[in-house]
Amino acid sequence: MTSSIPLNEQTKIPVLPLTIVVIGAFMAFLDSSIVNVALPHMMSVFGVSSSDMQWILIAYMLTTGIVIPTSAFLCERFGHRRIYISSLLIFTVGSALCGISWSLNIMIAARIIQAIGGGLIIPVSMAIVYSLAPREKMGTAMGIWGLAAIMGPSVGPTLGGYLLDTLSWEWIFFVNLPIGLLAILLCPFYLKETTINKEIKFDLLGTLLIAIACFSLLLALSKGTEWGWKSQSIISLLIICLFTLAAFVVWESSISNPLIDIRVFKNKVVISSILSMSLLTMAMLGVIFIVPLYSENLLGYSPLKTGIIMMPMAMVSAFLMPVSGKIYDKYGAFCIGIIGVIIAIITTYNLKNLSLNTSYSNLQIMLVVRSLGFGLALMPISNAAMGAVPKSLASTASAVVNTVRQIASSLGIAIMNYVIMVKQAYHQNILQDLINYDSFPACQMIKQLQSLLISTGIDNTSSKTQALSLINVLITRQGAMDSIIDSMMILVVILIIAMPFVFLLTPKQVKGARLRQQKQIRQ
């Protein structure tokens, strides 16, 4: 089972090999969110602050951002199957080490090991799907792979909350062990190796440059709100990212065996696909970031209940992934993509109707309806990038798509975090200025609150102070609510910006871009 074979020989999608690949991708996507719900509990276990605990998430994110760009070289040099099995093994070992960690430093080191495997699993599995399925069924195959991309991050908080409530925090990591081991055992029997190029040389300088660029950018995005976007540290990180990225492009253009073949960036369909996919990813994950803040901090729901609210949204998007893939196979990315984006715009705009009194069921329904747009649009749009390149650039396109997706995810969350922080302070100041505490309505409300507090046994003097404190709490909550509405409107603008790029993803343009790039490679 180790002999090399040409890509895309099959006339049908091989179900079991595809399932093995999707399982691995699901585990990697799952671990991007499942840990979040356990952080407060792990804080008490390790005896560290909330700021220190964030490095468990940041270490994973930074490491995946660094290793993803190397996936194209590794697959070409050692073969897709070998790298996929290795990444599964590293991820599984890392998960075991996370589960037995006894201190924060050990946990961070284990998360880095886990992220090396997880960061490779995603682009390598995507490239394997491209090699498994014939081009005329690529949309369906990628739609099935998209189940993992959608379900993993969405199921994470719910599954994590359940494991934390019923077992212990260690099982958030141990749950990966049987799945990972099963996938590792099945791979040699059901996945065939791809062509190996032993002559290709490792681009050490290019790897260092792109690693520094990704590390600097992702760290700046994750710490911008905490350190301050105008702070010397953040500005320095962004400058380092800019210069190393420019140096990377110059270097890659000058060598014969680049880490990332930058010819993919000369393909306007690839660029349009990546830009529109990035904007959609930002908008999708922006709401996934905002909803827990809204439901837990303002509506008072538990993390588990919040996860249950978001579960139907994830299930609808996941169900639509294979459906949109089949539509892509027949009609291309443009029609289904533009319909999905329009639905996403309308339904995201509808979230401006959220309030402090929104019911559990209404919130769930609004999120489910919104997920229709992303379920229809995301996979066809991202698959257009893969369809617009020849087979020889498939691994490179996969590495680029997944690197940009990682950056877009961090950027979307950073923007939402910043908007909420700034707008909450703005709205609170506005509300404070609008209230005249000497007015008749304000005096009546204070008296009513005082009477309520006095009935609980509080003396008259203290009751007035506490009444004013309660009013400040109401102002804070309303300011937070208004800031969330503002952030939703920012997401609407992001989705509107994505629309023009989708118009460049018609079947004719995708096929034409692929044929032109094939011709350039032969020359």
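Right above here is the structure, for reference.
Residues numbered from 1 in each chain as written. Predicted model: local features only at pLDDT ≥ 70, side-chain atom pairs only at ≥ 80, totals over all residues. Heavy atoms only, no water.

*Asks:* Would you mind going over the side chain of Ser371 with me for this structure?
*Replies:* Position of Ser371 among the secondary structure elements: in helix H15 (residues 360-387). Classification of Ser371 as buried rests on a relative accessible area of 2%. Of note is the side chain of Ser371, whose polar atom sits 3.4 Å from the backbone oxygen of Met313. Filtering out sequence-adjacent residues up to four positions away, Ser371 remains in contact with Met313, Val316 and Ser317. (Helix = DSSP H or I, 4+ residues; strand = E, 2+ residues; numbered from the N terminus. Buried < 20%, exposed > 50% of the residue type's maximum accessible area, 1.4 Å probe, protein only. Polar contact = N/O pair within 3.5 Å; in protein donor to acceptor, adjacent residues only side chain to side chain. Contact = heavy atoms within 4.5 Å.)

*Asks:* Would you explain the packing of aromatic side chains in this entry?
*Replies:* Aromatic rings in a pair are described by how distant their centres are and how their planes are angled relative to each other. All chains considered together, the criterion is met by seven aromatic pairs. Aromatic side chains Phe73 and Phe202 sit 5.1 Å apart centroid to centroid with 50° between the ring planes, which places their arrangement in the tilted category. With a gap of 129 residues between them, Phe73 in helix H4 (residues 71-78) and Phe202 in the loop between helix H9 (176-190) and helix H10 (204-227) connect regions that are remote in the sequence. Given the relative accessible area of 8%, Phe73 is considered buried. With a centroid separation of 6.4 Å and 85° between ring planes, the pair formed by Trp169 and Phe173 is classed as edge-to-face. Judged by relative accessible area, Trp169 falls into the buried class, the value being 4%. With a relative accessible area of 1%, Phe173 lands in the buried category. (Phe/Tyr/Trp six-rings, centres within 6.5 Å; stacked < 30°, edge-to-face > 60°.)

*Asks:* Can you help me understand the packing of helix H12 (residues 268-298) against H15 in this one?
*Replies:* Any two packed helices are characterised by the angle at which their axes cross and by the distance between the axes. Relative orientation of the contacting elements H12 and H15 amounts to 155°, with a least axis distance of 9 Å. Between H12 and H15, the angle falls in the class roughly antiparallel. In this structure, H12 crosses over H15, and the sense of that crossing is left-handed. Where H12 abuts H15, its residues Val269, Val270, Ser273, Ser276, Met277, Leu280, Thr281, Ala283, Met284, Val287, Val291 and Tyr294 lie against Leu363, Leu367, Arg370, Phe374, Ala377, Leu378, Ile381, Ser382, Ala384 and Ala385. Among the residues forming the contact of H12 with H15, the class breakdown is 17 nonpolar, four polar and one charged. (Axes fitted to C-alpha atoms, helices over the stretch in contact; angles between N-to-C directions. Parallel < 35°, antiparallel > 145°, perpendicular 65-115°, else oblique. Left-handed = near helix turned anticlockwise from the far one by under 90°. Nonpolar A, V, L, I, M, F, W, Y, C, P; charged D, E, K, R; others polar.)

Functional significance is not addressed by these values, which are geometric in nature.
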